[in-house]
Amino acid sequence: MTKHKAGFVNIIGNPNVGKSTLMNAFVGERLSIITSKAQTTRHRILGIVNGDDFQVLLSDTPGIIKPAYQLQESMMDFVKSAFEDADILLYLVELGEKELKDEAFFNKITNSKIPVLLLINKIDKGNEELLSEALKMWQEKVPNAEIFAISALQNFGVSEVFNRIIELLPESPPFYPKDQLTDKPERFFVNEAIREKILIHYKKEIPYSVEIDTEEFFEEENIIRIRSVIMVERETQKGIIIGHKGSALKRVGIEARKDLEKFFGKQIHLELYVKVNKDWRSNERQLRRFGYNQ
Ligand SMILES: Nc1nc2c(ncn2[C@@H]2O[C@H](COP(=O)(O)OP(=O)(O)OP(=O)(O)O)[C@@H](O)[C@H]2O)c(=O)[nH]1
Ligand SMILES: [Mg+2]
């Protein structure tokens, strides 16, 4: 009989390279929100892939940036934690990009004692020539890594990476029950679904000034009743979120509800409110309340 394998496989890389898209491709569920804007992911999100004799604990993390305010510092703490407990590192880059701007993180990758799989993503956007240049460059820059070329969006090369992960995984009993998909509570996914629509529909600093707090999540037999607050930093932002006669907010509500109905497989009643919570991004107590300080 084969021994059971389990371990932490942590995805790290620059903003917007496709980390969340890859995580969802592995898990087969829309656990992490995805948008074309950088800094979409703010937390470390666990996605669990279970098999009879393995359990892969994938972590999606925020893209690596130089923090400018407290929220971003907390985001980088999630990245740090992902370096600390990884059994395997997945360093995701996209075709055409250079190494991480953060030298300390980059050195951690190149000096890593654990296996590093360097995944060149978005190869659907390039050609053979670009890819062979990238392969050569990354092999020189990160000689300790095994390199794969993938398209997370088109699910190309993803199963090859997954098979290699299973080979490299240490022997261990499972860490979580075999029917568990993530460590985050239901309310977290509600917050994220709403935040995704805000990232998509609002410009400039608005999405980055927003946090969601789901105050009520009440599951009945045929329906889930949810009440969430959209927190902004300024009164002017509140007006923008609500829009003319509430039209902008209504659109967010309708679209988020549709996604949540798919996610939970149940009818959803979603009520949204907007509140001003001045400078929450720089307030340690508020950040802790929203789950940013570990
Ligand atoms: N063409 C192409 N686009 C991709 C691929 N993978 C991801 N994308 C797109 O890249 C954008 C960013 O994807 P995300 O998965 O949100 O990237 P991320 O690295 O999680 O971004 P942050 O959370 O902001 O750090 C989205 O518009 C995706 O659709 C790919 O393989 N090919
Ligand atoms: Mg992401």
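Rules used in this analysis
- Residues numbered from 1 in each chain as written.
- Chains lettered and ligands numbered in written order.
- Predicted model: local features only at pLDDT ≥ 70, side-chain atom pairs only at ≥ 80, totals over all residues.
- Heavy atoms only, no water.
- UniProt positions renumbered as here; feature names shortened; annotations may be inferred.
- Helix = DSSP H or I, 4+ residues; strand = E, 2+ residues; numbered from the N terminus.
- Buried < 20%, exposed > 50% of the residue type's maximum accessible area, 1.4 Å probe, protein only.
- Contact = heavy atoms within 4.5 Å.
- Near = heavy atom within 4 Å.
- Polar contact = N/O pair within 3.5 Å; in protein donor to acceptor, adjacent residues only side chain to side chain.
- Areas by Shrake-Rupley, 256 points an atom, 1.4 Å probe, with all protein chains shown as cover.
- Nonpolar A, V, L, I, M, F, W, Y, C, P; charged D, E, K, R; others polar.
- Core = buried A, V, L, I, M, F, W, Y, C linked by side-chain atoms within 4.5 Å.
- Salt bridge = Lys/Arg side-chain N within 4 Å of Asp/Glu carboxyl O.
- Phe/Tyr/Trp six-rings, centres within 6.5 Å; stacked < 30°, edge-to-face > 60°.
- Donors = N, O, S within 2.8 Å, 3.2 Å for Na, K, Ca; no water.
- Pairing = 2+ DSSP bridges.
- Axes fitted to C-alpha atoms, helices over the stretch in contact; angles between N-to-C directions.

Labelled according to an unreviewed UniProt entry, the chain appears under the name GTPase Era, originating from Aequorivita aurantiaca. Entered under Subunit (unreviewed entry) in the UniProt record, the comment concerning the chain runs "Monomer." A UniProt comment under Sequence similarities (unreviewed entry) is attached to the chain, and it reads "Belongs to the TRAFAC class TrmE-Era-EngA-EngB-Septin-like GTPase superfamily. Era GTPase family."

K.L.:
Provide a residue-level description of the environment of Val49, including the pertinent values.
P.N.:
By the element assignment, Val49 lies in strand β2 (residues 45-51). Using a relative accessible area of 13% as the deciding quantity, one classes Val49 as buried. C-alpha separation for the pair Val49 and Thr182, spaced 133 residues apart in sequence, amounts to 9.2 Å. Dropping the residues within four chain positions of it, Val49 is found in contact with Phe26, Val27, Phe54, Gln55, Val56, Leu58 and Phe162.

K.L.:
Can you lay out the UniProt feature "domain: Era-type G" (unreviewed entry) in the chain for me, pointing to particular residues and giving the numbers?
P.N.:
Taken from the UniProt record, the annotation "domain: Era-type G" (unreviewed entry) applies to residues 5-171. Within residues 5-171, the helical portion is 34% and the strand portion 25%, while the C-alpha atoms at the span's ends are 4 Å from each other.

K.L.:
A description of the site of ligand 1 should follow, citing residues and the corresponding values.
P.N.:
Residues in contact with ligand 1 amount to 23 residues; listed here are only the nearest, Lys19, Thr21, Gln39, Thr40 and Asp124. A distance of 3.1 Å separates an oxygen atom of ligand 1 from a polar atom in the backbone of Ala152. In isolation ligand 1 offers 650 Å² of accessible surface; the protein chains occlude 90% of this area. Among the residues making up the shell around ligand 1, the classes are represented as 6 nonpolar, 12 polar and 5 charged.

K.L.:
Tell me what's going on with the nonpolar core, and back it up with residues and numbers.
P.N.:
Grouped together as the largest cluster of nonpolar side chains are 38 residues, with contacts concentrated most on Tyr91, Ile109, Leu118, Ile120, Trp138 and Val142. Elements with a contribution of two residues or more to this core: α2 (70-84), β4 (88-94), α3 (103-110), β5 (116-121), α4 (128-141) and β8 (223-232). Per element, the largest residue contribution to this core is 7 residues, and it comes from α2. For Ile109, the residues in contact, after removing those within four places along its chain, are Ile12, Phe83, Tyr91, Leu100, Val116, Val142 and Asn144.

K.L.:
Can you explain the pattern of salt bridges? Please cite residues and give values.
P.N.:
Inspection of the entire model under this criterion finds 20 salt bridges. Put simply, Glu211 and Arg42 hold a salt bridge, and the shortest N to O gap is 2.9 Å. With a gap of 169 residues between them, Glu211 in strand β7 (residues 211-219) and Arg42 in the loop between α1 (19-27) and β2 connect regions that are remote in the sequence. Comparing Glu211 with Arg42 shows no difference in burial state: the two are buried.

K.L.:
Please provide a residue-by-residue account of the packing of aromatic side chains, values included.
P.N.:
Under the counting rule described, the total for this entry stands at 11 aromatic pairs. The interplanar angle of 85 degrees and the centroid separation of 5.3 Å between the aromatic rings of Phe188 and Phe189 together place this pair among those described as edge-to-face. Ring geometry for Trp280 against Phe290: centres 5.9 Å apart, planes inclined by 85 degrees, an arrangement best described as edge-to-face. A residue pair is termed long-range when its members are at least 10 positions apart, and Trp280 in the loop between β9 (267-276) and α9 (284-289) and Phe290 in the segment after α9 qualify at 10 residues. The exposure class assigned to Trp280 is buried, which follows from its relative accessible area of 0%. Taken together, the aromatic side chains of Phe188, Phe189, Phe217, Phe263 and Phe264 make up a single cluster linked through ring pairs.

K.L.:
Quick one: what's the story with the coordination of the magnesium ion (ligand 2), residue by residue and with numbers?
P.N.:
The magnesium ion (ligand 2) binds to the protein through Ser20 (OG) and Thr41 (OG1), with metal-donor distances spanning 2.0 to 2.1 Å. Residue Ser20 is located in helix α1, and its partner Thr41 is located in the loop between α1 and β2; the two are separated by 21 residues in the primary sequence. The burial state of Ser20 is the same as that of Thr41; both residues are buried.

K.L.:
Kindly report on the sheet that holds strand β1 (residues 5-13), identifying the contributing residues and their values.
P.N.:
Backbone-to-backbone hydrogen bonds join strands into a sheet, with any given pair of strands oriented parallel or antiparallel. Spatial ordering of the open sheet is given by β2-β3-β1-β4-β5-β6, a layout of 6 strands whose pairing is mixed. A strand with exactly one partner marks an edge of an open sheet, and here the two such strands are β2 and β6 (145-149). When strand polarity is set aside, the average angle formed by the axes of neighbouring strands in this sheet is 25 degrees. The pairing of β4 with β5 spans 6 bridges and is classified as parallel. Pairing of Leu89 across the sheet is with Val116, part of β5.

K.L.:
Tell me about the environment of Leu119, residues and numbers included.
P.N.:
When you line up the elements, Leu119 lands in strand β5. Placed 33 residues apart in sequence, Leu119 and Ala152 show a C-alpha to C-alpha distance of 9.8 Å. Among all residues touching Leu119, those that are not within four sequence positions of it are Leu22, Leu90, Tyr91, Leu92, Val93, Phe148, Ile150 and Val161.

K.L.:
Break down unusual backbone geometry for me, with residues and values.
P.N.:
Its identity is not glycine, yet Gln39 carries a phi of approximately 65 degrees, on the positive side. On the secondary structure map, Gln39 appears in the loop between α1 and β2. Phi is positive for Lys122, which is not a glycine, with a value near 65 degrees. Here Lys122 shows up in the loop between β5 and α4.

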